[in-house]
Amino acid sequence: MQIPYRAPLVSESPAADAPAHTHPAVLPLGALLLAAGCQAWAQSPAPVPGAEPTRSLKAVTVTESADTPQGKDSLRATTTTVGKGNQALRDVPQSITVVTEKLMDERNLDTLKDALRNTAGITFQAAEGGEEDIRLRGYSLATTGDIYLNGLRDPAFYDRDTFWLDRVEVLRGSASMLFGRGSTGGVVNQVSKTPQLIDEHQVDLTLGSHTYRRVTGDFNWKLGDSSALRINLMANRANNNGAGSTIDKSGGALSWRTGVGERNEFQIDLLSLDNRNGINYGLPWIRPRASDSSASTTLIPGLAPTGYYGMGSDRNHGQASVAGLRHTHRFSREVELVTQVRLGDYNRDLRASAIRFAPTTGAVTNPQAVDIANLSANTVLTRGTNLKIQQVQTAQVQSDFSAKFSAWGFKHEVLTGIDLARERKNVQTPFTAAQGGVVPVKPPTNLGAASDSGVGPSIDEGLRNLRDASRFENTAVGVYAQDLVHITPTIKLLGGVRYDQMRGNYTQFNLPANAAQPIAQVSYSQTISDWSQRLGALWQPTDRHSLHFAWGTSFNTSGDTYSYNALSANTPPEQSRNIELGGRIESANKRVSTRFAVFRTTKLNERNTDPDTAATRLLLSGQRHSAGVELDVAGRITPLWEVYASYVWMPIARVDRAASTATTVGNRVGDRPGLSPRHSGTVWSTYQLSSHWRLGGGINFRARQSPADVTAPAWEAPGFATADALLEYTVNAATSLRLNISNLTDKYYADALYRGHYVPGAGRLVQLTLSSRF
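What counts and what doesn't
Residues numbered from 1 in each chain as written. Predicted model: local features only at pLDDT ≥ 70, side-chain atom pairs only at ≥ 80, totals over all residues. Heavy atoms only, no water. Helix = DSSP H or I, 4+ residues; strand = E, 2+ residues; numbered from the N terminus. Buried < 20%, exposed > 50% of the residue type's maximum accessible area, 1.4 Å probe, protein only. Contact = heavy atoms within 4.5 Å. Areas by Shrake-Rupley, 256 points an atom, 1.4 Å probe, with all protein chains shown as cover. pLDDT = per-residue confidence, 0-100. Core = buried A, V, L, I, M, F, W, Y, C linked by side-chain atoms within 4.5 Å. Phe/Tyr/Trp six-rings, centres within 6.5 Å; stacked < 30°, edge-to-face > 60°. Pairing = 2+ DSSP bridges.

Enquirer: Explain the overall build of the chain to me, please; I cannot follow it from the model alone.
Expert: Helix and strand counts for the chain stand at 4 helices and 39 strands. Sorting the 774 residues of the chain into buried and exposed places 55% on the buried side. When contacts within the chain are restricted to residue pairs at least 6 apart in sequence, those whose partners lie at least 24 apart make up 68%. Accessible surface for the chain amounts to roughly 29,800 Å². Of this, 58% is attributable to carbon and sulfur atoms.

Here's what the structure looks like:
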């Protein structure tokens, strides 16, 4: 059928009975595409009682009912873009958790890490370089490049802010068929705010503990019948983030969209983010008595979460500049081509102090080995140096073609595409004193001298002379195709395949230990080609029930961490597999969604060092798996009571095969890998007490877990639960006041773990937000 395209397609008149604190009736792009995908919607039935107002398009009429809430107005999501296009969550045969903008607003989740803390199964590793690796189901996300922005890889290490995000989507399990290399445990997709055909603005001002000040602005203008502009701004400062680090950052994002709903639609996105934050590198572990085994290792007792022992000159600075262009060409209502181009430039300058107990010998000492029994305010701490100075540039092109049609007696939903990427990373390091460089000396401190405002003695970090230490460059191309076949009105089968090729080049610039010359250049390269597969099945007996089976593969290359060595450059990719049985059920009124899944994720051939191949390559001899149950609930129990909950029970996480030389916990057969707690989750609930007052509260919890790769016998950081509260007063339709108290009991706990140290979680924070909409 030939589809007449006429501009404008969207009628933008707000509904007279639109509820307060929601957008007037505007049809988002995703809803338009979903509507256009079903010809049966061209003549919609009359809306059911309680349905939202009808939104009218030329040549098609769409009724938005209770199952299509706006992202910023609901804790419950019904659609996702993580699967290469806008899809209903019930039509994706794989587990997805969505953190909406409303949840981020209600809980004051300012960073991506804060948002991910509100999804079960997520843990954090405090790495040597200060970049906190994110784990999902016990498998790495950040270091394998499994963080995305609008479906394109967002690879660099930088502190991501949520001021311009509409939602955060977590796809669980192997997904290399969609995204290429990586994704053993899953992927995280950040979805930015999109311009809407309406004039609507919001400014939020937040004041809180530790002189916390944050202002954000979200400004949306309708420029014409099919064009809109959206600008988001942010500035944030605080003496302490609740866990010892200062905050000083600002950012701006601009998005311009034209041709909304027409045959050709264009969108330009620009992002600039400037971080000048401090950093709390972490604190050393301790034992009750120095003679105790490592199994007794625990947190330092008696400390405040806000305590800071680093230097006043420590910093975690970074800049991110991103420019993107998106073009959508609609051949018809059911056939379209979406092409994205993105350039990214990222800079990072991290100067951190590694806090350790002073030894019993040397220039700075403690009188005896430190343990809990002899711990005191006079216990001496040293401040080591950890630097991470790097620049990353990325260029990406991605084109996705989707079509719905009938052939061979079945209805098909075909998705196919190609993506190309180039990534460059340059790492700098300072000259040592023996090489003629200047090495500022950091004074020691003691346990009783903690600062709660990031203040400490300073050194001149500018004295360090930097040189290039390494350079990495890779080019990658991937092509994929999948088909969702409607076998019957209630049964759908999914099959997909992807081919990836990546070539990486890594160069080290080495110096003698005691001279600045000559530079010895050592280069490694690797070319990887691999296939990924995906199979799924959906059984949807009603419009409220969707059960699925999923099977998928993924692979991790040696170059995922932007480096090679003589062994890793000769090592093929690791392979992983995910098997899952789950479903999604909507309540009778379609206002509450429940997602559940039973999963088993297996890394089939993990890298190990083996004596027989130690001279040439790593041995892919390891295997480990995790298995458990996941549960998400989100929506309105009643018109006044809204909930969000996410829970994972992972009773099994086990090393199945290991190298004969494995000695560290998490690498030996039978061990439970680190950062794999048996229980983790979050619960959040709000209740509208009256037309003016709203009350909310929730908890975040993690069971005991050990760091990754600790020496046997293992130790575990204590489990924890923190409670949060909210009290909101609505002055009028345009103004509200919201009081947030996070970590009500000021619980001291380890949030990010490493074998040498842990980073405390944020203590009690009190914040008051004034929101103004106009």
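Don't stop here, the text continues.
Enquirer: Sorry if this is basic, but what is going on with the confidence of the model for the chain here?
Expert: Interpretation of this model should avoid reading the predicted coordinates in detail wherever pLDDT is low. Predicted confidence across the chain gives a mean pLDDT of 88, with 87% of residues reaching 70 or more. Predicted confidence for residues 1–69 stays below pLDDT 50, and this span has 132 contacts to residues more than four positions away or in other chains. Scored below 50 in pLDDT, residues 611–615 makes 7 contacts in the model with residues more than four places away or belonging to other chains.

Enquirer: Would you take a moment to explain the nonpolar core for this structure?
Expert: Nonpolar side chains in soluble globular proteins generally cluster together in the buried interior. In this structure, Leu116 and Val168 are the most contacted members of the largest nonpolar core, which totals 39 residues. The set of elements that each furnish at least two residues to this core consists of helix 2 (101–106), helix 3 (112–116), strand 6 (122–126), strand 7 (132–136), strand 9 (147–149), strand 11 (165–172), strand 17 (264–277) and strand 18 (315–332). Setting aside its immediate chain neighbours within four residues, Val168 contacts Thr97, Val98, Val99, Met104, Leu112, Ala115, Leu116, Val188 and Asn189. Counting residues in each nonpolar core, the second largest holds 21 residues, with Ile300, Tyr309, Phe357 and Val370 among its members.

Enquirer: How should the packing of aromatic side chains be read in this particular structure?
Expert: Aromatic ring pairs: the centre-centre distance and the angle between the two ring planes describe each pair. Evaluated as defined, the whole model comprises 13 aromatic pairs. Ring centres of Trp693 and Tyr729 lie 4.7 Å apart, and the angle between their planes is 50°; this geometry places the pair in the tilted category. Of the two residues, Trp693 is situated in strand 33 (residues 693–702) and Tyr729 in strand 35 (residues 720–732); the sequence distance between them amounts to 36 residues. Here Tyr748 and Tyr758 contribute two aromatic rings whose centre-to-centre distance is 6.5 Å and whose plane-to-plane angle is 85°, an arrangement assigned as edge-to-face. Highlighted residues: Tyr748 in the loop between strand 36 (735–742) and strand 37 (750–753) and Tyr758 in strand 38 (residues 758–760), separated in sequence by 10 residues. With respect to burial, Tyr748 and Tyr758 carry one shared label: buried. What links up through ring pairs into an aromatic cluster is the set Trp285, Trp715, Tyr748 and Tyr758.

Enquirer: What should I look at first to understand the sheet that holds strand 9 in this one?
Expert: What holds strands together in a sheet is hydrogen bonding between their backbones, with the strands either parallel or antiparallel. Overall, mixed pairing links the 5 strands, which are arranged 5-11-12-9-10 in an open sheet. Each end of this open sheet is capped by a strand with a single partner; those strands are strand 5 (96–100) and strand 10 (152–153). Summarising the sheet, strand 5 and strand 11 pair through 5 bridges and their orientation is antiparallel. In the strand pairing of strand 11, Val99 is matched with Val168.

Enquirer: Please clarify how the pairing of strand 21 (residues 410–430) should be interpreted in this entry.
Expert: Residues in a regular strand point their side chains to alternate faces of the sheet. Relative to strand 21, strand 20 (residues 380–407) runs antiparallel, the two sharing 19 bridges. Counterpart to Phe401 in the pairing with strand 21 is Thr416. Hairpin remark: strand 20 followed by strand 21, antiparallel, with 2 residues in the connecting loop; positive phi at Trp408, about 55°. Strand direction decides the pairing type here: strand 21 and strand 23 (residues 466–486), joined by 20 bridges, are antiparallel.

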